[in-house]
Structures are given as C-alpha cells and as structure tokens.
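Residues per chain, in single letters:
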Amino acid sequence: MRTIIRLLFLMLLVCQGSMTWAQGITVTGKVTASDGVGLPGVSILVKGTSTGVPTDIDGNYSIEAPSKNSVLVFSMIGMTSQEITVGNQTTLNVVLKDDSRALNEVVVIGYGTASKRDLTGSIVTIKGSEIADKPSANPINSLQGKVAGLSVVNSGRAGSEPDIRIRGTNSINGVKPVYIVDGILNDNINFLNPADIESIEVLKDPSSLAIFGVRGANGAIAVTTKKAKAGQLTVNFNSTVGIKQVADRISMTNGDQFRELYNEQLQNQGNAAYDYSNWQANTDWQDQIFQNAVLNYNNISVSGATEKNRFYMGIGTVTEEGLIKHEKYSKLTLNVNKELQVTKKLKFGFTFNGYRAVPPVNKGVSAAILAAPIAPVTDPTTGLYHTLPDFQRAQVYNPLVDVDLQKGTSIGRQYRGVGSIFGEWNFLTDLTFKASLYADYGFNTSRSYQPLITVYNPDIVGTDKRDQLVRQTSVSQSQNVFPKLQQDYLLTYKKKFGDHDLTALAGITTYYRGSESTGATIRQGSSFPIPNDPRFWYTDNVGDASTRTGTGSAWESATFSYLGRILYNFKGKYLVNASYRKDGSSAFLGSGRWQDFGAVGLGWVASEEDFFKNQSFFDYFKVKGSFGLLGNQNIDDRYRYPAYPTLTAANSGVFGENIVSALQPEYIADPNLHWEKVLASEAGIEFNAFKNRLTVDANYYSKLTKDILVIVPGIAGTIPGLSNLGEVSNKGFELSATWNESIGEDFSYSISGNLTTIDNKVKKLSSKGYDIINGASRTTEGYPIGYFWGYVSDGIYQNEVEFVKSPLSTIGNVSPGDIKYKDVNGDGIISEADRTMIGNPTPDLTYGASFSAKYKGFDAGVDFAGVYGNEIFRQWNRSSFAQFNYQTERLDRWNGEGTSNWEPILSSARPNNYLPSNYWIEDGSFFRIRNVQLGYNFTPEQLKGIGLKSLRMYVNAQNLKTFSNSTGYTPEIGGSATAFGVDNGTYPVPRIFTFGLNLNF
C-alpha cells in the first residue's frame, strides 16, 4: 500500500509540475440547457491556454481567467459550443443549445473513430459512468439488458466470465465476440477495472464489423479506457462495499419428508424398509455451504493534461468472496496511459494495463442439493465430518468434505500485461499516418494439494468408525504462458470539400498469438503422505520420480491482413460506409490461406431534405442499411489448425510378440478448408422526435453463417472428414427507444427500453440425418442449435386399463404411475421415432428497460432485464444410479389412481421415467429487477472547506428479484455453442447490496 501511495504522490507531482495555472479574474456561473436544467460535465476552457474546469452535477463552475480579454470556451458533446469574452464580468451564466443536427458524438469503430451521424449501421455506446458504480468485477456483466441484440448470461461465481452472444448463436463451433481494448484485439477483458473505462461500444452490423475480417462474425465489443481531459488536474477515488447472498434456493425435502418419500420408494421397488437408526438428522445442506459474502472494490486515479501532455494512471483492487464458504477472488489492476504532442503534427503515446488476480477455488453446489438431509454434518464424539447413507455415499460426499476439508488446498495466480506504443504523424494537411505496436502477455501458475480425508461412518462394524475416503496425497503444479503481438500501420485521409466529406483508411495489420503449458502431478500414499503445507506443494520437492506424471502443450498462430475503409457523406444527408479486409492465416494451406471480406453500408438522413423541414414531429430521421461478408475464426480450440488434424489412438498392430500402438489422424481435412463466413445484412431507421425528447433505433438483421466446419462421418468405420459444409441462420428485429425530459430547473427523468427477437435455425450440416449430440442437447438440420430432443409426456398411466388402451411401447416396460409418452409420429407404437423437439434454449425475445430521475442533488435509477420463450433442461437430478434428495415437487407424486397426472411414481427401478422428455423441461423465461440505485451529489457549497471538487454517495441493489418458473438457482444458464441452457446444478446468481462513494480532489 505504501508503494501505491508513493506512486500516486509522485504522479501527482509530475502532473502538477506540467500545469501552468493562471491567476487573475475569478469567473463563476452556471451552464444550463435551453430548458433551464443545469448541465454537468461541460468543459470550460480559457482559449489559447491549458486552464480549464468542468461543471459540477448542477452545471455550476468557477474558473480563473488571466485578464479581461480572456475568452472562455464552453463545449459539450451534442451541444453547440460558445465563446464568450470575460470583460468586466465575474458572473457568466450560459445557455447551451442542442446541436441535434450535427449529432457529433464520436464513437469508436474498427481502427478509428467516427461521428455517430455518419454511421450506417448499429453501434451502441455505453458510457463508463453507467457501469462504474455497479458491483461487478467483469465490466461486461453490467451490460445485461442494456443493449438490443446483446445476450449476457451471467454466472454468479466471483471473477467468472459471462456467456456473451451478439445476435444469436452463429456457429456450432463458437460464439465469443472479439474484444478491442484501446485498439488491441482480445478474447476477454478480465484484466480491466470498470472504473477505468471511458466507454464501451457494441458493434453488431456488417458495415462496422467487416473491417475485422476473420474476427468479425460474432460481433465486437470495443472498450476505450479513460484518458486525461484537457485543462483538468484530477484525483478521483471511488469505493464500493457490499454483501452478496443467494436470492432463490432450490426447494428440497427436509429430513421427515425425505424419510416419508424414501420409505414409499423402497416399498414401490419391493425392497425392505431402511434402518434410520443412525440417520435421524434434519440437515439443510444449502445452509451449510452458503454464506453472506463480502465484496469491496476500490479505484484511485490521477490525471492531468496540458495542450502537449496528457497523463492518466488508475490503480484498482477487487476483493470478492464467493457464495460458497471459503471461495475468494481478488485482483489488482493498473492502468497507465500518456500522450505527448511533440509538435502540431507529431504525437506519441503509450498505454499499459496490468493485472494480477488470485482466482477462487471453485466449489460446486451439486452435493448440497443431492445429499440426503437425514445425515448429520459431524459426529459429536470424534468431531469428524459424517458420511452420507450407504445408498448414495459412492456418488455423493458430505458437501462439507469439499468445502471445508479441502479449503485452501489450491494456490493460483494470474498475471497479465497489455500495452501499446504508438506514433501519429499528420502530413500534407489531410493525411495522418499512425503506427502502433501492441503486446499482451499472460502468465498463470497454479499448485493444488489433495489431502488425506477421513470421515465418520456409523455403518463400519467395530468401535473404530473412521472411514478413509482419500488414501493417497498428491500435488499438481502447472504453468501457462499466453503471448499476443499486434502491429497496425494505418494511413488516414480526411478531407472536406464543398458538400463532400470523405474519410479514407488504408492499412496493414499483423496478429500473433501462442500458448505454452506444462503440468505435473506427484502422488504419495498414506504411509508417507505429502505434508499439508504449501512449502511442499511442488512436484520436485517430494516423492519418487516414478510416481510423477507430466503433461505439456504448445501452439502458435498468426495472421497478416490488408484493410481499407471509406466513410463518405454528401451534404450531411447521403452516407456511404464501405470496408474491405484481406486476411492471411497460418491455420490453412493453399487456396484457403487467404480470404476476402467486406461490406457496404448506405444511409439517408431524410430530415436534411427540404421537404422534411415542413413538419415539426421529427427532429432527426435517418434510413440505413448494410450488407457484407464477415469471417469467423473465434471457434473451438480443436479447430485451431483445421488443416492439421491431431493424431488419435487407432487399432494396435501385433508383430510377433510385440504389440505396437497405432495412431491415425482425427479426421481427413478437405484440401480447400477455410474459415467460416457470414453473409450479414441489416436495414433500419433512427429518429428523434418531440424536440429530441424521444430517440428510436429500429433494425431488422439477418445473418447466414456459411462454410461451417463440420465433421463428415466416415463410412463403415473409416476416418471421418472435415469440410466447410454447415449453414446456420439468425434473423430478427431490434428496437431501442429512450425518452428524456426535464421539468423545471430541478427535475429530469429518462425512460428507455430495448427488445430483440431471435430466430435461429440450422440450415445445413454435413449430410441429411447427421446430428451433433451433447446429452439432451441436439443440433440437427432444420432445427435451432442445441435444441432439446426427447419424448412428449401425455400424463401418467393411472391404471392397467389405461395402459392396455395406450400404444405399444418398445422403449421399456411401463406400469401404472409411469410417464405416458405421446405417439408423435402416429404409427401406433411408442418408440425412438417419437422423440422430437421438446425445448429450445434460445429465447424468442430478450428485452431490457431502465428508468432514471434526478431532483436537485438526488438521483435514482432502476434497470430491468428479461428473456421470453426459451426452455431449460433440468439435468442435475436425472440419474437413476444413485438415490438423491427429492425436490419438494415430488411430494405431489403419483401414489395411487388419480393422485397425480404429472409427477410419476417414486421408483428408481422405472427407467421409463428417466428418459429425456418434457418432464425435465422448465420454462426459461424470466423478468429481473436487475439494478436499483439511489445516490446523492453534494453541491460545491456543501463541500467548501474540505478540498473536494465533487462527492457522490450511493446505495445499490443488484438482482433484487427474479420472477421465473424454473426450479433452479437461476433461470439464466450459458454453455457451449451446441449445449447451453442445461441446468447441471448451476451456480447461483447472487443478490447484491452495496454502498459506494465517488470523490474528486
């Protein structure tokens, strides 16, 4: 901590020394909009100097002007700037007018920036201030429900990465978008602190994505970190503390209910009654493993800027406990950037993001919902943890064995440094050349220890009831290195001539990434166990080399690309956005090595036409559309080198008395293999109405992923092939709308909402009848990706007569009390042919909404999020091989004619009832109160004498309430490209209450 304070003090001195503060006339005042409401964040700069200040939350300011001749420049994005000479005035109240025609808000696009009004596609900007005070270690978690077309499925596990999908699941091989952090391409942003983010742009349409070539198909998320703003020297500190808790628990039977149901089940199975002499407890295992977890986020930053020098540094810490006892996540982040304007035409700069994290030792929830409640937690005489009953102890441990006895037995460290240096040269008036070198170096280490585990087992004959579950200690050690290098050389031509406005970009970019991993494990028996001491948790410190096993892997890949883009508008109303990229990849051979991608977007700002000016309803109206070809290399690691298949075990050969192991390629690669492609199109409108109070953005999108890498089954056991044969379609509508209004000087409010429809369908796989099967999830031509496949329940057989009248079943013997399945194909027989689509994990509709209001210094906001029309497959209790605890729904089981027509008889000897069917399907729709916040901003008068520029305090409630019909911990369940929405005992998404403050010196 001392080191951090010293660094901050040193940087503060550097920034202070680089500033020149004029002394002269003190000018104060208030900056308001045309409706009289104060405008926060307006920049007031003394023209020709670096002296400047921002307005506070109410629009007030105070600045030192050198003389009466000084000119103050008042500016704000979206407003018309004003320049006012000070003269003899010491009070200047300024009204800034909306610059709605210009819409000059600058947004980040691929390899540059552009005015929002010049865009022909869908780019949504989320300001850093909207997520900085939300409790989340990963900034993307806070985007849930905020962006149309963006699906964010959060995991409640501390430090985990959400499942992100933009406009649907595009491929059977991967769904992740590409991340761009200050220009460098990446696969995640775990290394960032939310408080260091200036803005996040979500890029969805072909005209904005084609410039990324083989990385653009799944969408892009561009993150811009904070930079120093001209005329400001600022020290900012923000801190959040809070508590997390499990919001909705799974309803399981208690001890008495379990004994009642288990007795009935044994009777139904024809088994003898169970002896509960040693099993009289009533344990709530969920109570035993869960905790109210504490979190704390802190960030302090120093920034300063002159006309030639800009500097920013932020240091952040995260400490977050998990919902399960002894889980803990922590990380330290460092963000430093600097720009130096050497001359008017030459600029240099660098950025650096450092990250050190200690990931949690992940614990599961499954044991707590499967373990029988009749088992005690511990034995009071020995103090040992109690074993579970014999009917489940082979499959399920006492949950505290993992949570408590193996706590602190894993040590992991993650390090990452992401940085860049650049030089930018303006020459020949309209040309800019920028060269950038980016590097991303990740280094992870881990050590884990398996201790001896002994529990109390009352079923052991004799006086010694100790049962050694784990009889051998072991230590595992691993290291992973992930280097990435990127170079960009970009030439930009920007020119306005008459009614024409042209920006042209051409460039070359290279990208390299690699990985090196090594690991080893060593074991020792209970006679000479490895000590339970981290000093000995190294594979070279203990054990005999003969007990050591090792692993290792390494890979590297590279791309070389040419790119170009033209942004053109005529009279500010006819817009063209054309981009092209040619990618060369080391993953392929021959003709598949190079691929071409591109897009064209067109826009028409109809409100600029003369005929449009005769109406008063629309303040701004734009029609837009784009079409393009995108690329997809963000796919599973198994296809990192599609043209170079790995070798797998084959039939061994026998030569005399020698058996020789054989290897064969995993598949035979098509000689013309290449990356997957997406034909994408979009058409939509944007408009402002009611004097810019209402803004609307509506789009129709269509994405057809072609040439998907698909396994072609071999004939009669021959080696399968790999070809570009698959096709997947995603299409739908997006609608976003916002209403902003101010009432008087003190009150303003905003209402916004968005919704997205998704229609996902597999158009083609390798051949008719070919299926990709992952448990209950199936991917088949003509159906959505990862749909659930099984039988359709038609109630419960109530008696023998009903059974006799039903179609003949060839899938197993059935009796009264069993699930009755529909004869879907109508052939009079219940067979495998009657399995059909019983659920779809992709929602028909996703939506979000928010409401915010400000009154004087107070602000309040509520965010909502939800999905509709998807299903969940409940997998966690579908096994018949062990006896688990019962969901309370099983209290309504069939136990005689007419008692139930949904819950089958209690019996693990009835395999018919465990077949995949819609009995295991649950409604995945939900509506969530995502965030509720109340804050207060202190006025400058209230802060006089304590040396603060601003101070805000707030309270926040996240995931306050979720309304759903599912029985699990959470209805939002991610997964892989072809298997998602499957509840395997999914980790809870917590309810979080926090208090925070943000202050500026």
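Each residue is numbered by its place in its chain's sequence as written, counting from 1. Where local features are concerned, this predicted model is filtered to residues with pLDDT of at least 70; where side-chain atom pairs are given and counted, the filter is 80 or more; whole-chain, interface and lining totals use all residues. For the side-chain quantities, the full set of heavy atoms in the structure was used; hydrogens and water were omitted.

Regarding the overall build of the protein chain
Working step 1: Note on conventions: DSSP H or I runs of at least 4 residues are helices, E runs of at least 2 residues are strands, and numbering of each starts at the N terminus. For the protein chain, the helix and strand inventory stands at nine helices and 55 strands.
Working step 2: For 1001 residues, the compact-globule formula gives about 30 Å, and the C-alpha radius of gyration of the protein chain, at 32 Å, lands near that figure.
Working step 3: With respect to the three principal axes, the spread of C-alpha positions in the protein chain is 100 × 65 × 65 Å.
Working step 4: Per-residue accessibility, obtained with a 1.4 Å probe over protein chains only, is compared with the maximum for each type, and a residue is labelled buried under 20%, exposed over 50%, and partly exposed between these values. Across the 1001 residues that make up the protein chain, the buried fraction comes to 53%.
Working step 5: For this analysis, residues touch if any pair of their heavy atoms sits within 4.5 Å. When contacts within the protein chain are restricted to residue pairs at least 6 apart in sequence, long-range pairs at least 24 apart make up 70% of them.
Working step 6: Charge assignment: positive for Lys and Arg, negative for Asp and Glu; neither His nor the chain ends contribute. A charged residue contributes its charge at one atom only: NZ of Lys, CZ of Arg, CG of Asp or CD of Glu. Side-chain charges in the protein chain split into 92 positive and 94 negative, and the spacing between the mean points of these groups amounts to 7 Å. Within these notes, the globule rule equals 2.2 Å times the number of residues to the 0.38 power, and the radius of gyration is based on C-alpha atoms.

Examining the sheet that holds strand S42 (residues 787-790)
The strands making up a sheet associate through hydrogen bonds between their backbones, and the pairing can be parallel or antiparallel.
Working step 1: By this definition, two strands are paired if DSSP reports at least two bridges between them. Strand order across the open sheet formed by four strands is S40-S41-S42-S47, with antiparallel pairing between neighbours. Edge positions in the open sheet fall to strand S40 (771-774) and strand S47 (836-839), since each of these has one partner strand only. In this sheet, neighbouring strand axes are inclined to one another by 50° on average, regardless of whether the strands run parallel or antiparallel.
Working step 2: Pairing between S42 and S47: three bridges, direction antiparallel. When the bridges of S47 are listed, Trp789 appears paired with Met837. To get an axis, a line is fitted to the C-alpha atoms, and for a helix only the part in contact is used. The angle between two axes follows their N-to-C directions and goes from 0 to 180 degrees.

Some thoughts on empty space enclosed by the protein
Working step 1: The definitions used throughout rest on a 1 Å grid laid over the protein atoms alone, on which a cavity is an enclosed set of points accommodating a 1.4 Å probe that cannot get out and a pocket is an open set flanked by protein within 12 Å on both sides along at least five of seven lines; lining residues are those having an atom within 4 Å of a point. Grid points are joined across faces, edges and corners, and a volume is the space filled by probe spheres set on the points. The tally for this structure, following the rule as stated, stands at eleven cavities of 30 Å³ or more.
Working step 2: Here the largest cavity is characterised by a volume of approximately 440 Å³.
Working step 3: Taken together, 31 residues form the lining of the largest cavity, with Ser151, Val153, Pro843, Thr846 and Val867 sitting closest to its centre.
Working step 4: Contributing elements (two or more residues each) for the lining of the largest cavity: strand S11 (150-153), strand S12 (163-166), strand S48 (845-855), strand S49 (858-868) and strand S50 (871-874).
Working step 5: Residue contributions to the lining of the largest cavity peak at four residues, all from S11.

A short note on the pattern of salt bridges
Working step 1: Between Lys or Arg on one side and Asp or Glu on the other, a salt bridge is scored when a side-chain nitrogen of the former is within 4 Å of a carboxyl oxygen of the latter. Counted under the stated rule, the structure contains 45 salt bridges.
Working step 2: Here Glu609 ties to Lys573 by a salt bridge, and the two come within 3.3 Å at their closest N and O atoms. Here Glu609, found in the loop between strand S30 (594-605) and strand S31 (618-632), pairs with Lys573, found in the loop between strand S28 (548-570) and strand S29 (574-585); they are 36 residues apart in sequence, far enough to count as distant. For the residue pair Glu609 and Lys573, the accessibility class agrees, reading buried in each case.

Structural notes on the packing of aromatic side chains
Working step 1: Working definition: rings of Phe, Tyr and Trp (its six-membered ring) pair if their centres are within 6.5 Å, and the pair is stacked with planes under 30 degrees apart, edge-to-face with planes over 60 apart, and tilted otherwise. What the rule picks out here adds up to 43 aromatic pairs.
Working step 2: When the ring of Tyr700 is compared with that of Phe733, the centres are 5.1 Å apart and the planes differ by 55°; the resulting orientation is tilted. A residue pair is termed long-range when its members are at least 10 positions apart, and Tyr700 in strand S36 (residues 694-712) and Phe733 in strand S37 (residues 721-743) qualify at 33 residues.
Working step 3: Seen from their ring centres, Tyr847 and Phe927 are 6.4 Å apart, and the 15° between their planes marks the pair as stacked. With Tyr847 in strand S48 and Phe927 in strand S52 (residues 926-937), the pair connects residues that are 80 residues apart, well separated along the chain.
Working step 4: An aromatic cluster is built from Trp604, Phe611, Phe612, Phe617, Phe618, Phe621, Phe687, Phe690 and Trp739, whose rings are joined through pairwise contacts.
Working step 5: Two thresholds decide whether a charge sits over a ring: the Lys NZ or Arg CZ must be within 6 Å of the ring centre and within 35 degrees of the ring normal. The residue whose ring lies beneath Lys434 is Phe422, and the NZ or CZ to ring-centre distance is 4.6 Å.
Working step 6: The cationic tip of Arg778 hangs over the ring face of Trp789; the distance from NZ or CZ to the ring centre is 3.3 Å.

Structural notes on helix H4 (residues 255-269)
Working step 1: For H4, spanning 15 residues, the distance from its first C-alpha to its last is 21 Å, which sits close to the expected 21 Å at 1.5 Å a residue.
Working step 2: Of all the residues in H4, the buried ones are Gly255, Phe258, Arg259, Leu261, Tyr262, Glu264, Gln265 and Leu266.
Working step 3: For H4, the side-chain oxygen to backbone nitrogen distance between the N-cap and Asp256 is 3.3 Å, and the N-cap itself is Asn254.
Working step 4: Gly270 sits one or two residues past H4 and shows a positive phi near 80°. An expected span of 1.5 Å times one less than the residue number is assigned to each helix. Counted as a polar contact is a pair of N or O atoms within 3.5 Å, where, for protein atoms, one must be capable of donating a hydrogen and the other of accepting one, and residues adjacent in sequence contribute only when both atoms are in side chains.

Here we look at the confidence of the model for the protein chain
Working step 1: Predictor confidence is given residue by residue as pLDDT, running from a minimum of 0 to a maximum of 100. Put simply, the protein chain has an average pLDDT of 90, and 95% of its residues get 70 or more.
Working step 2: In this model, residues 1-23 is a region of pLDDT below 50 whose contacts with residues beyond four sequence positions or in other chains number 36 contacts.

Things to note about the environment of Gly364
Working step 1: Note on placement: Gly364 falls in the loop between strand S21 (346-358) and helix H6 (366-370).
Working step 2: Residue classification places Gly364 among the partly exposed positions, given a relative accessible area of 44%.
Working step 3: Along the sequence, Gly364 and Asp402 sit 38 residues apart, while their C-alpha atoms lie 8.8 Å from each other.
Working step 4: Excluding residues that lie within four positions of it along the chain, Gly364 makes contacts with Ile289, Ile324 and Asp402.

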